[in-house]
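The lines below spell out each chain.
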Amino acid sequence: MHEIREHMKVVDKDGAEVGIVDEVEVSRLKLEKGSDNQHHYVDNELVADVEGNTVRLSVQAKEVKRR
């Protein structure tokens, strides 16, 4: 998790964009406000890999939204 920084792109396991990191918190990532003008969060346990400027998750976007 120490590799993750603000403004990194977050994608699901299929490469679909989920959002942009706004803040790295202790147990989750806070994403920039979306079209609904709300912050969304991703649990650290869903992070599969960090490649360059991209955070790849271990689940599809619909699973992230469900949580």
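Since the model is a prediction, treat every value here as computed from it, not as a measurement.

Caption draft 1: Layout of the overall build of the protein. Helix and strand counts for the protein stand at 1 helix and 6 strands. Mapped in sequence order, the helices and strands of the protein form the string β-β-β-β-β-β-α. In terms of C-alpha radius of gyration, the protein reaches 10 Å, essentially the compact-globule figure of 11 Å for 67 residues. Expressed along its principal axes, the backbone C-alpha trace of the protein runs to roughly 30 × 20 × 20 Å. Across the 67 residues of the protein, 31% fall into the buried class. Put simply, of all contacts in the protein between residues at least 6 apart along the chain, 35% involve residues at least 24 apart. Counting only carbon and sulfur atoms, one obtains 41% of the accessible surface of the protein, whose full area is about 4400 Å².

Caption draft 2: Geometry of the pairing of strand β6 (residues 54-57). Note that strand β1 (residues 9-11) and β6 share 3 bridges and pair parallel. When the bridges of β6 are listed, V10 appears paired with V55. In the sheet, strand β5 (residues 47-51) pairs with β6 via 4 bridges, with the strands oriented antiparallel. Bridge pairing links E51 to T54 in β6. The loop that links β5 with its antiparallel partner β6 comprises 2 residues; one of these, G52, has a positive phi angle of about 60°.

Caption draft 3: Quick peek at the side chain of N44. Among the structural elements, N44 can be located in the loop between β4 (40-43) and β5. On the basis of relative accessibility, which here comes to 15%, the residue N44 falls in the buried class. Polar contacts involving the side chain of N44 include one to the main-chain amide nitrogen of R28, which spans 3.3 Å. Sequence-distant contacts of N44, that is, excluding residues within four places in its chain, are made with M1, E25, V26, S27, R28 and L29.

Conventions and cut-offs
Chains are numbered independently. Their residues run from 1 in the order of the written sequence. pLDDT decides what is reported in this predicted model: residues at 70 or higher carry local features, side-chain atom pairs at 80 or more are listed and counted, and totals for whole chains, interfaces and linings draw on all residues regardless. Side-chain descriptors were evaluated using all non-hydrogen atoms of the structure, hydrogens and water having been removed beforehand. Secondary structure elements are defined from DSSP: runs of H or I of at least 4 residues count as helices, runs of E of at least 2 residues count as strands, and each element is numbered from the N terminus. Between the two quantities, the radius of gyration covers C-alpha atoms and the globule rule is 2.2 Å times the number of residues to the power 0.38. Buried residues are those whose accessible area, probed at 1.4 Å on protein chains only, stays under 20% of the maximum for their type, while exposed residues exceed 50% and partly exposed ones sit between those limits. We call two residues contacting when some pair of their heavy atoms lies within 4.5 Å. Only the protein chains shown count as cover for residues, and all accessible areas are computed by the Shrake-Rupley method using a 1.4 Å probe. Paired strands, in this sense, are two strands between which DSSP finds at least two bridges. Throughout this description, a polar contact denotes any pair of N or O atoms lying within 3.5 Å of each other; where both atoms belong to protein, one of them has to be capable of donating a hydrogen while the other can accept it, and for residues adjacent in sequence the pair is counted only when both atoms sit in side chains.

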